[in-house]
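So you can see what is in the structure, the chains are spelled out below.
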Amino acid sequence: MPFSTIGMRFKKTILKNGLRIITVPMKDNPTVTVLVLVEAGSKYETKEINGVSHFLEHMCFKGTKKRPSSFIITEELDSIGAHYNAFTGNEYTGYYAKAEARHFSKILDVVSDIYLNPLFSEGEIEKEKGVISDEINMYEDLPNRKVGEVFMSLLYGDQPAGWPVAGKKEIIRRFKRKDFIDYRKKHYVARGTLVVVAGNINESKVTSAVKEKFTGISTAPKGKKIKTKESQASPKIALFKKKTDQAHLILGVRSFDAYSKNNPALALLSGVLSGGMSGRLFQKIRDEMGVGYRISAGNDAYTDHGIFEVSVGVDNKRVPEVISAITSELKKLKEEKVSAVELKKVKDHITGSMALGLESSDSLAEFYGMQEILRKPVLNQVDIEKKINAVTSDDVRNIAREIFQNKRLNLALISPLGDKKRLNKILDLS
């Protein structure tokens, strides 16, 4: 049965082979998006093939049996004005195309083709090694991104959750065609794959078309991933020294996985700290202290772990006082209840931002797709709003008290300066 949402509905269909399909009709929208998500990311890798999920994603655009070169694929999509790309995360890989609704059949044909029929040409693999090495170099030169890798490594060390999604250059250089074929056989299977189609569509026709295009999908068993291990007893610091004009830091705590009942309260906690320019951290650090152009707070929930983090870029010399200011704001949330007025403002900010973010076919495809690919109950906008509006000030304070503890606390810092002994003295949530 279709499920209602504001101005639209979604329907989930599971085929006999295990392939999942979600359709989201948008009557007045002129576009359509086809998004294929597969349960394959860096957390499904072993150390010897770290980076293979991301590399495989690149190779799917390098030619198929029907379209034997990347130029043929991209020219076909460019000729209809489509927006298209792919992405890899810790727990999924995605391929998508968005175009005028009249081009649905075309983009479904292309996206299904690159998913189902990649050639993995040895010549293209060798060339792409250089491209990915340059991509890794680019990330190394972006400290506001690199600090995220430093942070994850600090928390999870030498296990999949602590490894970079793009891998390491020395591993990338060793990949052979067989590595991609073997990995794909384990994970690119019907039971680990989801197709989402959102936009101006006829649901029954779309479902039939997807079923036909994915007739050849593998029905082999789905490969598993290693469960993430959590281990911490006191605050930890990772200091990555690099010449930068600005220090980049993430201060965060271990939180809860994607299925936790605490996630609505964590969303409110994020909103209080970083819900627009009136958020507490923006007001404290940028407006009051006059430092930090980029400030954000949020919770990242994975299938078997979660992280609540504050990220900021500041003057290298002002790192200690900024850390003290952040920890002060976190401790305040443990001690004092958020007022009814502020709580309502944050709730309205979250629900309003969600409504604005769901206006396009690609955003709706991602909204429903990401819930399903993580094996979560698929909620619509109204369902989520109800959960957000049910959170109380007591809930926010209770969750702050539970996660803002020294035994969960971590700091990753990229800066040419930094003294671990000094930082340890101020890294305190007690």
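Each value, and the rule that gives it
- Residues numbered from 1 in each chain as written.
- Predicted model: local features only at pLDDT ≥ 70, side-chain atom pairs only at ≥ 80, totals over all residues.
- Heavy atoms only, no water.
- Helix = DSSP H or I, 4+ residues; strand = E, 2+ residues; numbered from the N terminus.
- Rg over C-alpha atoms; globule rule 2.2 N^0.38 Å.
- Buried < 20%, exposed > 50% of the residue type's maximum accessible area, 1.4 Å probe, protein only.
- Contact = heavy atoms within 4.5 Å.
- Areas by Shrake-Rupley, 256 points an atom, 1.4 Å probe, with all protein chains shown as cover.
- Lys, Arg positive; Asp, Glu negative; His and termini not counted.
- Charge placed at Lys NZ, Arg CZ, Asp CG, Glu CD.
- Expected span 1.5 Å × (residues − 1).
- Core = buried A, V, L, I, M, F, W, Y, C linked by side-chain atoms within 4.5 Å.
- Pairing = 2+ DSSP bridges.
- 1 Å grid on protein atoms, 1.4 Å probe; cavity = no way out; pocket = protein on both sides within 12 Å on 5 of 7 lines; lining within 4 Å.
- Points joined across faces, edges and corners; volume = space filled by probe spheres on them.
- pLDDT = per-residue confidence, 0-100.
- Axes fitted to C-alpha atoms, helices over the stretch in contact; angles between N-to-C directions.
- Parallel < 35°, antiparallel > 145°, perpendicular 65-115°, else oblique.
- Left-handed = near helix turned anticlockwise from the far one by under 90°.
- Nonpolar A, V, L, I, M, F, W, Y, C, P; charged D, E, K, R; others polar.
- Salt bridge = Lys/Arg side-chain N within 4 Å of Asp/Glu carboxyl O.

Undergrad: What should I look at first to understand the overall build of the chain in this one?
TA: A tally of helices and strands in the chain yields 16 helices and twelve strands. Computed over the C-alpha atoms, the radius of gyration of the chain is 23 Å, within 12% of the 22 Å expected from 2.2 N^0.38 for a compact globule of 430 residues. The 430 residues of the chain split such that 56% are buried. For the chain, restricting intrachain contacts to residue pairs at least 6 apart in sequence, the fraction spanning at least 24 positions comes to 81%. When the accessible surface of the chain is split by element, carbon and sulfur atoms take 51% of a total near 19,400 Å². The positive charge centre, built from 69 side chains, and the negative charge centre, built from 53, are 4 Å apart in the chain.

Undergrad: How should helix H3 (residues 104–116) be read in this particular structure?
TA: For H3, which comprises 13 residues, the first-to-last C-alpha distance of 18 Å matches the rise-based estimate of 18 Å (1.5 Å per residue) to within 8%. In terms of burial, H3 is largely enclosed, as eleven of its 13 residues are buried. When H3 is considered as a whole, its buried residues turn out to be Phe-104, Ile-107, Leu-108, Asp-109, Val-110, Val-111, Ser-112, Asp-113, Ile-114, Tyr-115 and Leu-116.

Undergrad: Which parts of the structure should I look at to understand the nonpolar core?
TA: A general trend in soluble globular proteins is that nonpolar side chains are found buried together. Counting residues in hydrophobic clusters, the biggest one holds 53 residues, and the most contacted among them are Tyr-95, Tyr-115, Phe-180, Val-197, Val-210 and Phe-214. Of all the elements, H3 adds the most residues to this core, at eight residues. Once you skip the residues sitting within four places of it in the chain, Val-210 turns out to touch Leu-19, Ile-21, Leu-108, Val-195 and Val-197. Counting residues in hydrophobic clusters, the runner-up holds 46 residues, among them Ala-265, Leu-273, Phe-308 and Leu-427.

Undergrad: What is the right way to read the pairing of strand E11 (residues 306–314) from this model?
TA: A regular strand places its side chains so that they alternate between the two faces of the sheet. Taken across its nine residues, E11 has nine buried, putting it largely inside the fold. What you see with E11 is no split at all: Gly-306, Phe-308, Val-310, Val-312 and Val-314 on one side and Ile-307, Glu-309, Ser-311 and Gly-313 on the other are buried throughout. The pairing of strand E9 (residues 247–254) with E11 spans eight bridges and is antiparallel. Bridge assignment links Leu-249 to a residue of E11, and that residue is Val-312. Pairing geometry for strand E10 (residues 294–301) and E11, over eight bridges, is antiparallel. Bridge pairing in E11 places Asp-300 opposite Ile-307. What sits between E10 and E11 in their antiparallel hairpin is a turn of four residues.

Undergrad: Help me out: how do you make sense of unusual backbone geometry in this one?
TA: A negative phi angle characterises most non-glycine residues, just as the trans form characterises most peptide bonds. Positive phi, close to 55°, is recorded for Phe-120, a residue that is not glycine. Note on placement: Phe-120 falls in the loop between H3 and helix H4 (122–140). For Arg-375, which is not glycine, the phi torsion reads 65° and is therefore positive. Mapped onto the secondary structure, Arg-375 falls in the loop between helix H13 (361–373) and helix H14 (381–389).

Undergrad: What am I meant to see in the layout of surface pockets here?
TA: To locate leftover empty space, one rolls a probe as large as a water molecule over the atoms. Considering only enclosed or pocket space, the second largest pocket measures out at about 340 Å³ in volume. In terms of lining residues, the second largest pocket is bounded by 19 residues, among which Lys-146, Glu-149, Gly-162, Pro-164 and Lys-168 are the most central. For the lining of the second largest pocket, the elements supplying multiple residues, two or more each, are H4 and helix H5 (143–156). Here the lining of the second largest pocket gets four residues from one element, more than from any other, and that element is H5.

Undergrad: Looking at this model, I keep getting lost on the confidence of the model for the chain. Mind explaining?
TA: Low pLDDT means the predicted coordinates in that region are not meant to be read closely. Of all residues in the chain, 98% have pLDDT values of 70 or greater, and the mean over the chain is 96. Overall, residues 1–7 carries pLDDT values under 50, and its contacts beyond four positions in sequence, including any with other chains, amount to 15 contacts.

Undergrad: I keep staring at the packing of helix H1 (residues 52–60) against H4 and nothing clicks. Help me out?
TA: Helix-helix packing: each pair is described by the crossing angle between the helix axes and the interaxial distance. At a minimum axis distance of 10 Å, the contact between H1 and H4 shows a crossing angle of 125°. As judged from the angle between their axes, H1 and H4 are oblique. H1 and H4 meet at a crossing whose hand is right-handed. Residues His-54, Phe-55, His-58 and Met-59 of H1 touch H4, and the partners they reach there are Glu-124, Ile-125, Glu-128, Lys-129, Val-131, Ile-132 and Glu-135. Split by residue class, the contact of H1 with H4 holds five nonpolar, two polar and four charged.

Undergrad: Would you explain the pattern of salt bridges in this entry?
TA: Note on pairing: side chains with opposite charge can pair once their charged atoms come close. Summed over all chains, the structure comprises 32 salt bridges. We note a salt bridge from Lys-106 to Glu-76, for which the minimum N-O separation is 2.9 Å. In this pair, Lys-106 sits in helix H3 while Glu-76 sits in helix H2 (residues 70–78), placing the two residues 30 residues apart along the sequence. Under the relative-accessibility criterion, Glu-76 is labelled buried at 17%.

Undergrad: What should I look at first to understand the packing of helix H9 (residues 263–274) against helix H15 (residues 393–403) in this one?
TA: Following both chains from N to C, one finds H9 and H15 inclined at 90°, their axes separated by 9 Å at the closest point. Overall, the two elements H9 and H15 adopt an arrangement that is roughly perpendicular. Residues Ala-265, Leu-266, Leu-268 and Leu-269 of H9 touch H15, and the partners they reach there are Asp-395, Val-396, Ile-399, Ala-400 and Ile-403. Split by residue class, the contact of H9 with H15 holds eight nonpolar, no polar and one charged.

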